[in-house]
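Observations on the model geometry
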Amino acid sequence: MIASFFHRLAAFFIIVWVGFGLAACAGFVKGGDNRHNIPLAPALVKALHDMGSSPGEAMVIRIFKTEEILEVWKRTSSGQYKLFKTYAICAYSGELGPKMKEGDYQSPEGFYTVTPGLMNPKSNYFLAFNTGFPNKFDRAHGRTGSHLMVHGDCKSVGCYAMTDAGMAEIYALARESFKGGNPNFQVQIFPFRMTSASLAAHASSPHLSFWQNIKEGYDLFDINKAPPAWDVCEQRYVFNPMASGPLDEMGACPPVIQNAALDARKAADSQALSNVMALADRQASEQAAIRARGEAVNGFFSGIGNMFGGQPAPQPAAATPVQ
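Quantities reported herein were computed from a predicted structural model and do not represent experimental measurements.

The subject of this paragraph is the overall build of the protein. The helix and strand inventory of the protein stands at 7 helices and 12 strands. Out of the 323 residues belonging to the protein, those deemed buried represent 38%. Within the protein, residue pairs in contact and separated by at least 24 positions form 57% of the contacts whose partners lie at least 6 positions apart. Accessible area for the protein stands at about 17800 Å²; split by element, carbon and sulfur atoms hold 61% of it.

And the structure:
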């Protein structure tokens, strides 16, 4: 019995030792509990310092569907943001346009705010953060959906998949930004680079008014090199509103901080759209004129055919005999 007891005791210690060994390895394999603490590579830290920033500085993420890229912007010592690094999107699902409802396999578009609570260090897709969909704008339009992530791997059902290597860096940049005291970071998601030309090229899209709305935020970031404050009123985004508190998403919009450069871009957008619509009207008129000429020519030759044997000449009626 004594020998049996010592055998069981030895087996117990072996199991405990193996367990500790496996726990220690877990931090160094995919899916391990320590993957969210992968440090930034020294080269990335140096690149941040070289551009006048640091790992703890604020950040902004911009996503472009057509170009299939994700940009990380970092705040610099000047107070403005500079593009730090661009990552290729490995996969996203759906088409151009916002997400409408749960199960439509559509990746979202719009402006989102990511807080530490939306970070997912134990994602089934390596690492992830939740975009925060549906946000205030989405809810104002009755849009539904859940777990819309930016994550690792290379497959998507409404998310943006960045590969494990890319997501490791993006996650670490977000983690260090939070550690620097920043309460959140802004995620801006667009269908394409929001130029006047690209907007005009999609003038016939049912999403045009939505894209015009979010282009205001795109332009303000491009002009000021700082993320615009955003809220929702009248069921639309409003940027840099002159208001002291949250807005009623259905209520009237307050005045916004005026920006001459933004007004100039809006005017350029309107002109580009007017040019496209005028061209479409001109082309439609030309096509209508071509059809009308074709119908007139066909009618002319049809009439000539009727005159020259197309139809037999009418016969005179027979005379009634005299009784």
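Before going further, it helps to examine the pattern of salt bridges. Side chains bearing opposite charge may pair, as long as their charged atoms lie close to each other. Following the criterion strictly, the structure yields 17 salt bridges and no others. The partner of R193 in a salt bridge is E71, and the shortest N-O contact between them spans 2.8 Å. In this pair, R193 is assigned in the loop between β10 (185-190) and α5 (196-201) and E71 in strand β2 (residues 69-75), connecting sequence segments 122 residues apart. For E176, the salt bridge goes to R175, with nearest N and O atoms at 2.9 Å. The exposure class assigned to E176 is buried, which follows from its relative accessible area of 19%. Within the structure, one salt-bridge network assembled from shared partners comprises K215, D219, D222, K225, R265 and D269.

All right, on to the pairing of β10 then. The element β10 is extensively covered by neighbouring structure, given that 6 of its 6 residues are classed as buried. Burial along β10 is two-sided: F185, V187 and I189 facing one way and Q186, Q188 and F190 facing the other are all buried. As paired strands, strand β1 (residues 59-64) and β10 are joined by 5 bridges and run parallel to one another. Looking at the pairing, R62 lines up with Q188 of β10. Where strand β5 (residues 110-114) lies against β10, 5 bridges are found, and the strand directions are antiparallel. Counterpart to Y112 in the pairing with β10 is V187.

With that settled, consider the confidence of the model for the protein. In the predicted model, the protein carries a mean pLDDT of 87, and the fraction of residues at 70 or more is 81%. Scored below 50 in pLDDT, residues 9-31 makes 6 contacts in the model with residues more than four places away or belonging to other chains.

We now examine the layout of surface pockets. It is the rolling of a water-molecule-sized probe over the atoms that shows where space remains empty. Approximately 320 Å³ is the volume attributed to the largest pocket. In this structure, the largest pocket is lined by 21 residues; those nearest its centre are S146, H147, V157, G158 and C159. Considered class by class, the residues forming the lining of the largest pocket number 7 nonpolar, 9 polar and 5 charged. Of the volumes computed, that of the second largest pocket is approximately 170 Å³. What lines the second largest pocket is simply E216, L220, R236, V238, F239, V256, I257, Q258, N259, L262, D263 and K266. Listed by contribution, the elements that provide at least two residues to the lining of the second largest pocket are α6 (208-224), β12 (236-239) and α7 (260-310). Class assignment of the residues belonging to the lining of the second largest pocket gives a composition of 6 nonpolar, 2 polar and 4 charged.

Once that is clear, we can look at the state of the cysteines. Taken as a whole and assessed by the stated rule, the structure comprises 2 disulfides. At a sulfur-sulfur separation of 1.7 Å, the disulfide partner of C90 is C154. Between C90 and C154, the S-S dihedral sits near -85 degrees, and the bridge is therefore left-handed. Residue C90 is found in the loop between β3 (81-88) and β4 (91-92), and its partner C154 is found in the loop between β8 (149-151) and β9 (160-161); the two are separated by 64 residues along the sequence. Covalently, C233 is tied to C253 through a disulfide, its sulfur atoms 1.9 Å apart. Handedness of the C233-C253 disulfide follows from its S-S torsion of about 105 degrees: it is right-handed.

This part is about the sheet that holds β1. Spatial strand order, β3-β2-β1-β10-β5: 5 strands in an open sheet with mixed pairing. On the outer flanks of this sheet lie β3 and β5, each paired with one strand and no other. Taken pair by pair, the neighbouring strands of this sheet meet at an average axis angle of 20 degrees, ignoring direction. Bridge count between β1 and β2: 6 bridges; the pairing is antiparallel. Note on β2: the bridge partner recorded for I63 is L70. Contacting β1, β2, β3, β5 and β10, helix α4 (residues 164-179) crosses the sheet at an angle of about 150 degrees to β3. Of the strands in this sheet, β1, β2, β3, β5 and β10 touch α6, which is tilted by about 55 degrees from β5.

Calculation notes
- Per chain, residue numbering runs from 1 following the sequence as it is written.
- At least 70 in pLDDT is required for a residue's local features to be given in this predicted model, at least 80 for side-chain atom pairs to be given and counted, and no such filter applies to totals for whole chains, interfaces and linings, which use all residues.
- To get the side-chain values, take all heavy atoms of the structure and skip hydrogens and water.
- Here a helix means four or more residues in a row that DSSP labels H or I, a strand means two or more in a row labelled E, and each is numbered from the N terminus.
- Buried residues are those whose accessible area, probed at 1.4 Å on protein chains only, stays under 20% of the maximum for their type, while exposed residues exceed 50% and partly exposed ones sit between those limits.
- Contacts are assigned to residue pairs that have any heavy atoms within 4.5 Å of one another.
- Calculation of accessible area relied on Shrake-Rupley with a 1.4 Å probe; when residues are assessed, cover is drawn exclusively from the protein chains displayed.
- The salt bridge definition used is simple: a Lys or Arg side-chain nitrogen within 4 Å of an Asp or Glu carboxyl oxygen.
- In this description, strands pair whenever DSSP reports at least two bridges between them.
- pLDDT is a per-residue confidence score from the predictor, ranging from 0 to 100.
- Any residue with an atom within 4 Å of a point lines the site, the site being either a cavity, points on a 1 Å grid over the protein atoms alone where a 1.4 Å probe fits but cannot get out, or a pocket, an open set with protein on both sides within 12 Å along at least 5 of 7 lines.
- Grid points are joined across faces, edges and corners, and a volume is the space filled by probe spheres set on the points.
- Residues are grouped as follows: nonpolar covers Ala, Val, Leu, Ile, Met, Phe, Trp, Tyr, Cys and Pro; charged covers Asp, Glu, Lys and Arg; every other residue, Gly included, is treated as polar.
- What counts as a disulfide here is a pair of cysteine sulfur atoms lying within 2.5 Å.
- For every element, the axis is a line fit to its C-alpha atoms; helices are fit only across the contacting stretch, and the angle between N-to-C directions ranges from 0 to 180 degrees.

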